[in-house]
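These are the residues of each chain, in order.
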Amino acid sequence: MTTLSKTARAKLTETHVIERPEIVTQQLSQDGARKWLLKSSDKNTVESVFIPEEDRGALCVSSQVGCTLTCSFCHTGTQRLIRNLTACEIVGQLMVARDTYGEWSSPPANRKISNIVMMGMGEPLFNFNEVAKALKIIMDPEGIALSKRRITLSTSGVVPMIKKVGEELGVGLAISMHAVRDDLRNQLVPINKKYPIDQLLDACRTYPGASSARRITFEYVMLDKVNDSPADAWELARLLKGIHAKVNLIPFNRWPGTSYKTSPFPVIKRFSQILNDNKLSAPIRVPRGRDIMAACGQLKSANEDRSILSSTASTNAAVL
Ligand code: SF4
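In this report, the structure presented in the accompanying data block is examined. Numbers given for residues are sequential positions, taken from 1 along each chain in its written order. Per-residue local features of the predicted model are confined to residues with pLDDT of at least 70, and side-chain atom pairs are confined, for both listing and counting, to 80 or more; whole-chain, interface and lining totals are unaffected and use all residues. Note that the side-chain values use all heavy atoms of the structure and ignore hydrogens as well as water.

The secondary structure listing takes helices from DSSP runs of H or I that are at least 4 residues long and strands from runs of E that are at least 2 residues long, numbered from the N terminus. Helices and strands together make up the secondary structure of the protein chain, namely 9 helices and 12 strands. For a compact globule of 320 residues, the expected C-alpha radius of gyration is about 20 Å, and the protein chain comes in at 20 Å, within 12% of that figure. Judged by the C-alpha coordinates and their principal axes, the protein chain covers about 70 × 45 × 40 Å. Counting over 320 residues, the protein chain shows a buried share of 54%. Nonlocal contacts in the protein chain, meaning residues at least 24 apart in sequence, comprise 65% of its contacts between residues at least 6 apart. Put simply, the protein chain shows about 15100 Å² of open surface, and 54% of that area lies on carbon and sulfur atoms. Only four residue types enter the tally: Lys and Arg on the positive side, Asp and Glu on the negative side; His and the chain ends are excluded. In plain terms, the charge of a residue is placed at NZ if it is Lys, CZ if Arg, CG if Asp and CD if Glu. Of the side chains in the protein chain, 42 bear a positive and 31 a negative charge, and the two mean positions are spaced by 1 Å. With the radius of gyration taken over C-alpha atoms, the globule rule is written as 2.2 Å times the number of residues to the power 0.38. Note on exposure labels: buried denotes an accessible area under 20% of the residue type's maximum, exposed denotes more than 50%, and partly exposed covers the range between, all computed with a 1.4 Å probe on protein chains only. Contacts are assigned to residue pairs with any non-hydrogen atoms lying within 4.5 Å of each other. Only the protein chains shown count as cover for residues, and the accessible areas themselves come from Shrake-Rupley with a 1.4 Å probe.

Right, let's talk about the pairing of strand β9 (residues 172-176) for a bit. Here β9 lies mainly inside the structure; 5 of its 5 residues are buried. Seen with the strands pointing away from the viewer, any crossover whose path from the first strand over the helix to the second strand runs clockwise is right-handed. Once the chain exits strand β8 (residues 151-155) it traverses helix α4 (residues 159-169) before rejoining the sheet at β9, and the crossover so formed is right-handed. Strands qualify as paired when DSSP identifies two bridges or more between them. Note: β9 against strand β10 (residues 216-222), 3 bridges, orientation parallel. Residue pairing for β10: I175 is matched across the bridge by F218.

As for its position among the elements, L125 is in the loop between β7 (115-118) and α3 (128-139). Look past the residues within four positions of L125 in its chain and what remains in contact with it is L153, T155, V158, M161, I162 and V165.

The next point concerns the side chain of N248. Residue placement: N248 occurs in strand β11 (residues 245-251). Given a relative accessible area of 13%, N248 falls into the buried group. Setting aside residues no more than four positions away along its own chain, N248 makes contact with T217, F218, E219, Y220, P283 and R285.

To pair, rings of Phe, Tyr and Trp, with the six-membered ring standing in for Trp, must have centres within 6.5 Å; the planes then decide the type, stacked if under 30 degrees apart, edge-to-face if over 60, and tilted in the middle. Scanning the model with the defined rule gives 4 aromatic pairs in all. When the centroid spacing of 5.0 Å and the interplanar angle of 55° are considered together, the rings of F50 and Y101 count as tilted. Here F50, found in strand β3 (residues 45-52), pairs with Y101, found in helix α2 (residues 87-101); they are 51 residues apart in sequence, far enough to count as distant. Across this residue pair, the class does not change: F50 and Y101 are buried. Look at Y220 and F271: their rings are 5.0 Å apart centre to centre, the planes differ by 35°, and that puts the pair in the tilted class. You can see Y220 sitting in strand β10 and its partner F271 sitting in helix α8 (residues 265-277), a full 51 residues away along the chain.

Attention now moves to the packing of helix α7 (residues 230-239) against α8. Packing of α7 against α8 brings their axes to within 9 Å, and their N-to-C directions diverge by 30°. Relative to α8, α7 is oriented roughly parallel. The chirality of how α7 crosses α8 is right-handed. Residue-level inspection shows P230, D232, A233, W234, L236 and A237 of α7 in contact with α8, the latter providing R270, F271, I274 and L275. Here an axis means a line fitted to C-alpha atoms, over the contact stretch when the element is a helix, while the angle between two N-to-C directions is reported on a 0 to 180 degree scale. Oblique is the label for any angle not covered by the other classes, which are roughly parallel (under 35 degrees), roughly antiparallel (over 145) and roughly perpendicular (65 to 115). Two helices crossing with the near one rotated counterclockwise from the far one by less than a right angle form a left-handed crossing, whereas a clockwise rotation gives a right-handed crossing.

Turning our eyes to something else, we now look at the pattern of salt bridges. We define a salt bridge as a side-chain nitrogen of Lys or Arg found within 4 Å of a carboxyl oxygen belonging to Asp or Glu. Taken as a whole and assessed by the stated rule, the structure comprises 13 salt bridges. The partner of E47 in a salt bridge is K35, and the shortest N-O contact between them spans 3.2 Å. Of this pair, E47 sits in strand β3 while K35 sits in strand β2 (residues 34-39), and the two are 12 residues apart along the sequence. Assessed through its relative accessible area of 1%, E47 is described here as buried.

One heavy atom suffices: a residue is near a molecule or strand as soon as one of its heavy atoms comes within 4 Å of it. In the region of the ligand, the neighbouring residues are C67, L69, C71, C74, T76, G77 and G122. Among the residues making up the shell around the ligand, the classes are represented as 4 nonpolar, 3 polar and no charged. Three residue categories are used. Nonpolar comprises Ala, Val, Leu, Ile, Met, Phe, Trp, Tyr, Cys and Pro, charged comprises Asp, Glu, Lys and Arg, and polar comprises the others, including Gly.

Here it is in structure tokens:
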């Protein structure tokens, strides 16, 4: 920026950086999903995933290197927390993705990356300040100018922060639900011991901005013989009464070392039907990016089982 004085430029150099995270690897799934392993200047790495749909696409963005929570169905939960990402590193994931698809000058209507989901590695509400700063930059008309309607933040259930998300950011909310009883949810999503289901659902009932047009998404991973009975489906429908809710049913995506299996398709279909009968939308998510370990619950950037990941990925996916 030669139009600035030398002194101003020197001062900016001292206090600001202009850089992207380094792309360590990019993998392209047979189904079109793409995963980046990104490295920051202190050599920590995180993963981001782009899931293309026919007329839109969502970028799944990470908020932490690792995670302090140990949700038992989640691969990231096996990676200890190293640190929170900065706002710069969070926005950087979107910038790398836009670079990849050449989407800086394209008209907004034609962009592949139309939505962002804060559902990557980490619990975003344990890094609220940096996540909020990043999303404000992404939403700002003078920034990346992505509407809050196109952004969803997913939490495992950090109850005291939920209201703040609605008031300060106004983005869509998703809850990692996965169980209808506290004893089971304590195992699957251990933060439930601190904030049990009734407290979590109370926070959802009063989430600012939720409406029938803007429903809260309850993510529910389908684990064979663990949480997939018709009784579970009926109880979920009962619990969600009075909440502007929809349910995403996620067939479990396996990862090295897990003992869980995904529920058979007819079981998932029956679960979905019970929810539909109770006037709840409950689509069954089609797994995306499984061949490159990019599907929901499979992300992990620590080196210890990177060799397993690369061998899985290289069998049937392009490593770019
Ligand atoms: S589901 Fe989210 S909060 Fe739970 S371990 Fe995985 S990344 Fe962490």
